[in-house]
Amino acid sequence: MATNQLDRFIRAGSPNDFVKGFARPFVARIIAMVLGLTVEEAAYCAGLSDVILGAGHNPQLVPLASSRLRALVATAIEERRRRPRHDLLSRIVHRYEADEVFDQDQVLALAASLITAGLETTAHTISIGILMLVRAPDQLEELSADPSLMANAVEEILRLSSVADIVTARVAPHPCCVFGVELPAGAGIVASTAAANRDENIFTDPDEMRLDHGARRAHLAFGYGPHKCLGRHLARTMLSAAMEAFIDISGDFRLSEDPGWTASGGVMAGVSELMVEWSSLKS
C-alpha cells in the first residue's frame, strides 16, 4: 500500500507536497483498513481530522467536524453490532459486549481518537522522517545500502520528531519533589517528552540521528506506563513501510522550498507542507 501511494505521488509530478500527496492519504487508508472503513470514508475522516486538530482553521468549524466524525463512527459501530466483521472496530465492540459493559459513548470516543490522534501523529512523523533523510543524503545512502538499519532509523525518527510532546499533562496526587522542585498535591505538571528524548545522560549525541547505534527504544515518543500509546505497533509498522518505499524509489529527492510547520490543536508539532522535487528516480 505504501508503494502504491508513493507511485500516485510520483505520477502527480515534481514538485509535489509529500504531506498531502503521500503521508496523510497513506496513513488514512491504513487506519481505515484496520477499522474496516472504506477508502471514501478514510478520505472523509482525514478531512474532518484536519479540521479538528489542524492549526489555522476556524475554531467554529471544530464542533461541526467533531459531530460529523462521531456520526460516521456511530453508524459504523451499530453496523458492527448487527453484523460483526474481521476488523478492529468489530473486536472492540465484541469485547465490550462480552464483558456486558457496552458503553456507546466510550466505544465512540475510543474509535474517534484512533482516527484523529492516530492519523495526525503518524502522518507528521512520516513527513518529518522523510525531511530528516532528504536533509541527510549520506544517511539516506547508508540506509539504502543496508536495509537492516531500518529499525534503528525508525526509532531515531520517533525519538527526534516527538510530535506529541505536550500531551503528557499530569496532576501530582500528593506532595512530592521532582528534581529538586517541591510540588504540592494537585499541582499540574507538563512533562516535555521531546526534551527527555534528547537527554544527554541517556543518549549519545542526542541531537543527531545515529543509524550506527542499536534501536534506541528508551525514548518516550509513545509515552510511558499505563498511558503508553495503544497504536504504537501500528505506527511503527506504517513508518517502516513508508521509509522502505521511499528508499526503494529514491533518487535525487530534494526540498523545493522550506517546509511548513504546524502545531495541530496546540498539542502536536508537525509538518503542514513538505514540497519536494526530483529529476530522476532509482526505480
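In the block above lies the structure referred to throughout.
The rules we used
Residues numbered from 1 in each chain as written. Predicted model: local features only at pLDDT ≥ 70, side-chain atom pairs only at ≥ 80, totals over all residues. Heavy atoms only, no water. Helix = DSSP H or I, 4+ residues; strand = E, 2+ residues; numbered from the N terminus. Rg over C-alpha atoms; globule rule 2.2 N^0.38 Å. Buried < 20%, exposed > 50% of the residue type's maximum accessible area, 1.4 Å probe, protein only. Contact = heavy atoms within 4.5 Å. Lys, Arg positive; Asp, Glu negative; His and termini not counted. Charge placed at Lys NZ, Arg CZ, Asp CG, Glu CD. Salt bridge = Lys/Arg side-chain N within 4 Å of Asp/Glu carboxyl O. Pairing = 2+ DSSP bridges. Phe/Tyr/Trp six-rings, centres within 6.5 Å; stacked < 30°, edge-to-face > 60°. Lys NZ or Arg CZ within 6 Å of the ring centre and 35° of its normal. Patch = residues over 30% accessible without salt bridge, like charges linked within 9 Å, V, L, I, M, F, W, Y side chains within 5 Å. Areas by Shrake-Rupley, 256 points an atom, 1.4 Å probe, with all protein chains shown as cover. Core = buried A, V, L, I, M, F, W, Y, C linked by side-chain atoms within 4.5 Å. Axes fitted to C-alpha atoms, helices over the stretch in contact; angles between N-to-C directions. Parallel < 35°, antiparallel > 145°, perpendicular 65-115°, else oblique. Nonpolar A, V, L, I, M, F, W, Y, C, P; charged D, E, K, R; others polar. Arc of directions from axis to C-beta. Polar contact = N/O pair within 3.5 Å; in protein donor to acceptor, adjacent residues only side chain to side chain.

Enquirer: Any details on the overall build of the chain? Residues and values, ideally.
Expert: Regarding its fold elements, the chain presents ten helices and nine strands. Taken over the C-alpha trace, the chain has a radius of gyration of 20 Å; the compact-globule value for 283 residues is 19 Å, and the two agree within 12%. Its C-alpha atoms put the chain at 55 × 55 × 40 Å along the principal axes. The buried share among the 283 residues of the chain stands at 45%. Within the chain, contacts between residues separated by at least 24 positions form 66% of all contacts whose residues are at least 6 apart in sequence. Side-chain charges in the chain split into 26 positive and 35 negative, and the spacing between the mean points of these groups amounts to 7 Å.

Enquirer: Please set out the pattern of salt bridges residue by residue, giving values where relevant.
Expert: Under the definition given, this model contains twelve salt bridges. Notably, a salt bridge pairs arginine 85 with glutamate 79, separated by 3.5 Å at the nearest N-O pair. On the basis of relative accessibility, which here comes to 43%, the residue arginine 85 falls in the partly exposed class. The residue arginine 210 makes a salt bridge to aspartate 205 at a minimum N-O spacing of 2.2 Å. Of the residues examined, aspartate 205 reaches a relative accessible area of 38% and is grouped as partly exposed. Through salt bridges with shared partners, a single network forms among Glu79, Arg80, Arg85 and Asp87.

Enquirer: Account for the sheet that holds strand E9 (residues 275-277), naming residues and giving values.
Expert: As a general point, the strands of a sheet are linked pairwise by backbone hydrogen bonds and lie either parallel or antiparallel. Taken in spatial order, the three strands make up an open sheet running E1-E9-E6, and their pairing is antiparallel. Each end of this open sheet is capped by a strand with a single partner; those strands are strand E1 (16-17) and strand E6 (254-255). Direction of pairing for E6 relative to E9: antiparallel, over a ladder of two bridges. Looking at the pairing, arginine 254 lines up with glutamate 277 of E9.

Enquirer: Could you give me a rundown of the packing of aromatic side chains, with the residues and numbers involved?
Expert: Summed over all chains, the structure comprises seven aromatic pairs. Grouped by ring-pair contacts, the aromatic residues Phe9, Phe18, Phe22, Phe26, Phe246, Phe253 and Trp278 constitute a single cluster. Geometry around phenylalanine 203 places arginine 159 over its ring, the cationic atom sitting 4.8 Å from the centre.

Enquirer: Quick one: what's the story with a negative patch on the surface, residue by residue and with numbers?
Expert: Among the surface-exposed residues, Asp138, Glu141, Glu142 and Asp146 lie close enough to one another that they form a single negatively charged patch. Residue position: glutamate 141 is located in helix H7 (residues 137-145). A relative accessible area of 60% places glutamate 141 in the exposed class.

Enquirer: Describe the nonpolar core, and please don't skip the residues or the numbers.
Expert: Counting residues in each nonpolar core, the largest one holds 77 residues, and the members touching the most others are Phe9, Phe18, Phe22, Phe26, Ile126, Met243 and Phe253. Once residues lying within four places of it in the same chain are set aside, the contact partners of phenylalanine 22 are Ala2, Gln5, Leu6, Phe9, Asp17, Ile126 and Ala242.

Enquirer: Tell me about the packing of helix H3 (residues 39-53) against helix H6 (residues 104-134), and please be specific about residues and values.
Expert: Where H3 contacts H6, the axes come no closer than 9 Å and their chain directions differ by 80°. Accordingly, the angle class assigned to the pair H3 and H6 is roughly perpendicular. Note on element contacts: H6 touches H3 through Ile115, Thr116, Ala117, Leu119 and Glu120, opposite Cys45, Ala46, Ser49, Asp50, Ile52 and Leu53. Its residues assigned to classes, the contact of H3 with H6 comprises seven nonpolar, two polar and two charged.

Enquirer: Break down helix H5 (residues 88-98) for me, citing the residues and quoting the values.
Expert: By the burial criterion, the buried members of H5 are Leu89, Ser90, Ile92, Val93 and Tyr96. One side of H5 carries all its buried residues, which in axial view fall inside an arc of 160°. Relative to its buried face, H5 has exposed residues pointing more than 90 degrees away, namely Arg91, His94, Arg95 and Ala98. For H5, the side-chain oxygen to backbone nitrogen distance between the N-cap and leucine 89 is 3.3 Å, and the N-cap itself is aspartate 87. Backbone geometry just after H5 places glutamate 100 at a positive phi near 55°.

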